[in-house]
Amino acid sequence: LDQKIYPPLNHIPADIVRANDYERVAANFIPPDRLAYVDGGSGHNVTLRANVDAFTKYSILPRSLKDLSEAHTQIQLLSQTYSHPIFLAPVAHQKLVHPRAEIATAEAAAATDTCMVASTLSSFSLEDIARNTHSQSWFQLYFQAKEADTHALLQRAIRAGYQAIVLTIDASIQVPSDSALKANFTFPDDMQAANIIHQSSSLTPAAASTNHKSIFLRYMQTAATKERVQKLLSVSTIPVFIKGVMSDEDALLYQSLGAAGMIVSNHGGRTLDGVPACLTVLSQLRNAVGKDYPLLFDSGIRSGADIFKAIALGADAVLIGRLQVYALSVAGALGVAHMMKLLKEELALCMAIAGCASIEDIKHSKLHRNTERQ
Ligand code: FNR
């Protein structure tokens, strides 16, 4: 497995000066079929592109006359303090791009005081990851075909010390990108999801055929249902965030069921192609859940300016998906830590120029709505 990965660097290339530079450089470190899997969205990448483009519809307004001598990026979420609002999104199978995978990411999280969200489908076990984060960390949970397996994962995450659960509800079926299909991407035979390796296969024979009936059956195997969510919320002793909410009706339902918070996300454009750009639904969801309800955002963030805009439109914090993978492939823990440092500096620069002394100030700042694409 590891032989297919190009050796990562133990230094930062001089031409990486912005977080997003990792995207370009990663193409030299991730084999083309794997890059197509990581990089791609679903279908023709319409939603993937829209996610990124949506940020260009807004600009940050410069403001002066503000005292920024005490400025900081700390946030409070459910009575916990986080030193900055930039979290590492759950990303599966990190061994595809680096032999030390999530362990390296966890080290970078620790070095940059970043909250890492570890995926159910990680290459290393959730216990191994927890031992290396040394900073706040959350665990992302997928409903498993068997309820007992789902609840076993929850209990393991609680025992390992994760502070919250992120229940992802938008990926019971994922449509691969055309580019991954054309590149003939398949998971290597020895690629394992360490957390669930002991489970018997969750695929029923019905799932192997492609008629529409089997699509619905496959979807329902691991889909969120009101009963499953309620049960999980009732047994979890740590807060549960719902990831993948795009409609205000769903947001209100999850809120009424008692979810601690939500992540507005379309999975980085990786579920169904054609769903709206994630940023375009954010303000509406913030209005629906109210100003004090924990609401996080991901999908399409490539810079500190994007983070500023997402917060101005209603997010309390954001998660970083692809940039994390790109940085990991280039220089392992060093790369991810450097990428996080760049994002934090890019955000701080936006705050300074926009006259924001805190993340709270960003929420009260107005974005300029561009009339034409810039
Ligand atoms: C993901 N994402 C994801 N989400 C999740 O809840 N569990 C998972 O295991 C994964 N795995 C995963 C793998 C890869 C390769 C990617 C690119 C993404 C989605 C991720 O958490 C996040 O929602 C998006 O990546 C955010 O969009 P950006 O930042 O990639 O544009």
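Residues numbered from 1 in each chain as written. Predicted model: local features only at pLDDT ≥ 70, side-chain atom pairs only at ≥ 80, totals over all residues.

Novice: Looking at this model, I keep getting lost on the nonpolar core. Mind explaining?
Specialist: Generally speaking, nonpolar side chains in soluble globular proteins are found buried as a group. In this structure, Ile165, Met262, Val264 and Val318 are the most contacted members of the largest nonpolar core, which totals 113 residues. In contact with Val264, other than residues within four places in its own chain, are Val245, Met246, Cys278, Val281, Leu282, Leu285, Leu295 and Phe297. (Core = buried A, V, L, I, M, F, W, Y, C linked by C-beta atoms within 7 Å. Buried ≥ 20, exposed ≤ 12 C-beta atoms within 10 Å, placed from the backbone. Contact = placed C-beta atoms within 7 Å.)

Novice: Whenever I open this one, the pairing of strand S8 (residues 240–245) confuses me. Can you help?
Specialist: On any regular strand, side chains alternate: one points to one face of the sheet, the next to the other face. In terms of residue burial, S8 counts as a mostly covered element, since six of its six residues are buried. Bridge count for strand S7 (residues 165–168) against S8 is four bridges, and the pairing is parallel. Counterpart to Thr168 in the pairing with S8 is Lys243. Note: S8 against strand S9 (residues 261–264), four bridges, orientation parallel. Note that in S9 the partner of Ile242 across the bridge is Met262. (Helix = DSSP H or I, 4+ residues; strand = E, 2+ residues; numbered from the N terminus. Pairing = 2+ DSSP bridges.)

Novice: Could you clarify how one ought to interpret unusual backbone geometry in this entry?
Specialist: For residues besides glycine, phi is generally negative; the peptide bonds are generally trans as well. One non-glycine residue with positive phi stands out, namely Leu65, at about 65°. You will see that Ser299, though not glycine, has its phi angle at about 110°, which is positive. With respect to the helices and strands, the residue Ser299 is situated in the loop between strand S10 (295–297) and helix H13 (304–312).

Novice: Is there a simple way to think about the confidence of the model for the protein chain in this case?
Specialist: Low pLDDT marks stretches whose predicted atomic positions should not be read closely. Chain-level pLDDT for the protein chain is 94 on average; 95% of the residues reach the 70-or-more range. Note on residues 202–208: pLDDT is under 50 here. Beyond four places in sequence and across chains, it has nine contacts. The ipTM, which scores confidence in the relative placement of chains, is 1.00 for this predicted complex, and the corresponding pTM is 0.96. (pLDDT = per-residue confidence, 0-100.)

Novice: Explain the site of the ligand here, please?
Specialist: Around the ligand, a shell composed of 23 residues is seen, among which Ala89, Ala92, Gly268, Gly321 and Arg322 lie nearest. Classifying every residue of the shell around the ligand by side-chain character gives nine nonpolar, 10 polar and four charged. (Near = placed C-beta within 6 Å. Nonpolar A, V, L, I, M, F, W, Y, C, P; charged D, E, K, R; others polar.)

Novice: Mind showing me how you'd approach helix H12 (residues 279–289) here?
Specialist: Given 3.6 residues per turn, any residue in an α-helix points the same way as the ones three and four places further on. Every buried residue of H12 is listed here: Leu279, Val281, Leu282, Leu285, Arg286 and Val289. Projection of H12 onto a plane perpendicular to its axis shows the buried side chains occupying an angular sector of 145°, all on one side. Buried residues along H12 sit in contact with S8, helix H11 (248–257), S9, S10 and H13. Once H12 finishes, Gly290 follows within two positions and takes phi at roughly 95°, a positive value. (Arc of directions from axis to C-beta.)

Novice: Help me understand the environment of Thr222, please; the structure alone is not making it clear to me.
Specialist: Mapped onto the elements, Thr222 comes out in helix H9 (residues 212–222). Given 19 C-beta atoms within 10 Å, Thr222 falls into the partly exposed group. Along the chain, Thr222 and Ser172 lie 50 residues apart, while their C-alpha atoms are 5.6 Å from each other. Not counting residues up to four positions away in its chain, the partners in contact with Thr222 are Tyr142, Phe143, Gln144, Ala145 and Ser172.

Novice: Can you walk me through the environment of Ile320 in this structure?
Specialist: Positionally, Ile320 belongs in strand S11 (residues 317–320). When the 24 C-beta atoms within 10 Å are taken as the criterion, Ile320 is described as buried. Along the primary structure Ile320 and Met340 are separated by 20 residues, whereas in three dimensions their C-alpha atoms are 9.3 Å apart.

Novice: In this structure, what is going on with helix H14 (residues 322–353)? I would like to understand it.
Specialist: Given a rise of 1.5 Å per residue, 32 residues ought to cover 46 Å, yet the end C-alpha atoms of H14 are separated by just 27 Å, more than 12% below that figure. The principal kink in H14, of about 135°, is found at Ala331. Of all 32 residues that make up H14, 26 are buried, and the element is covered over most of its length. Positioned one or two residues after H14, Gly355 has a phi angle of 70°, which is positive. (Expected span 1.5 Å × (residues − 1). Bend = angle between axes of the 7 residues up to and from the residue.)

Novice: Is there a simple way to explain the pairing of S11 in this structure?
Specialist: Burial of the side chains of S11 extends over both faces: Ala317 and Leu319 are buried on one face and Val318 and Ile320 on the other. As defined by bridge partners, strand S4 (residues 86–88) adjoins S11 across three bridges and the pair is classed as parallel. Residue pairing in the sheet places Leu88 in a bridge with Ile320 of S11. Note that S10 and S11 share two bridges and pair parallel. Bridging across to S11, Phe297 finds its partner in Val318. Where the polypeptide runs from S10 across H13 and back to S11, its parallel neighbour, the crossover connection is right-handed. (Right-handed = clockwise from strand over helix to strand, strands pointing away.)

Novice: So what exactly am I meant to see when it comes to the packing of H11 against H12 here?
Specialist: Two numbers describe a pair of packed helices, the interaxial angle and the distance between the axes. Taken N-terminus to C-terminus, the directions of H11 and H12 make an angle of 35°; their axes are 9 Å apart at the nearest point. You can see that H11 and H12 cross each other, and the crossing is right-handed. Residue-level inspection shows Asp248, Ala251, Leu252 and Gln255 of H11 in contact with H12, the latter providing Gln284, Leu285, Ala288 and Val289. Among the residues making up the contact of H11 with H12, the classes are represented as five nonpolar, two polar and one charged. (Axes fitted to C-alpha atoms, helices over the stretch in contact; angles between N-to-C directions. Left-handed = near helix turned anticlockwise from the far one by under 90°.)

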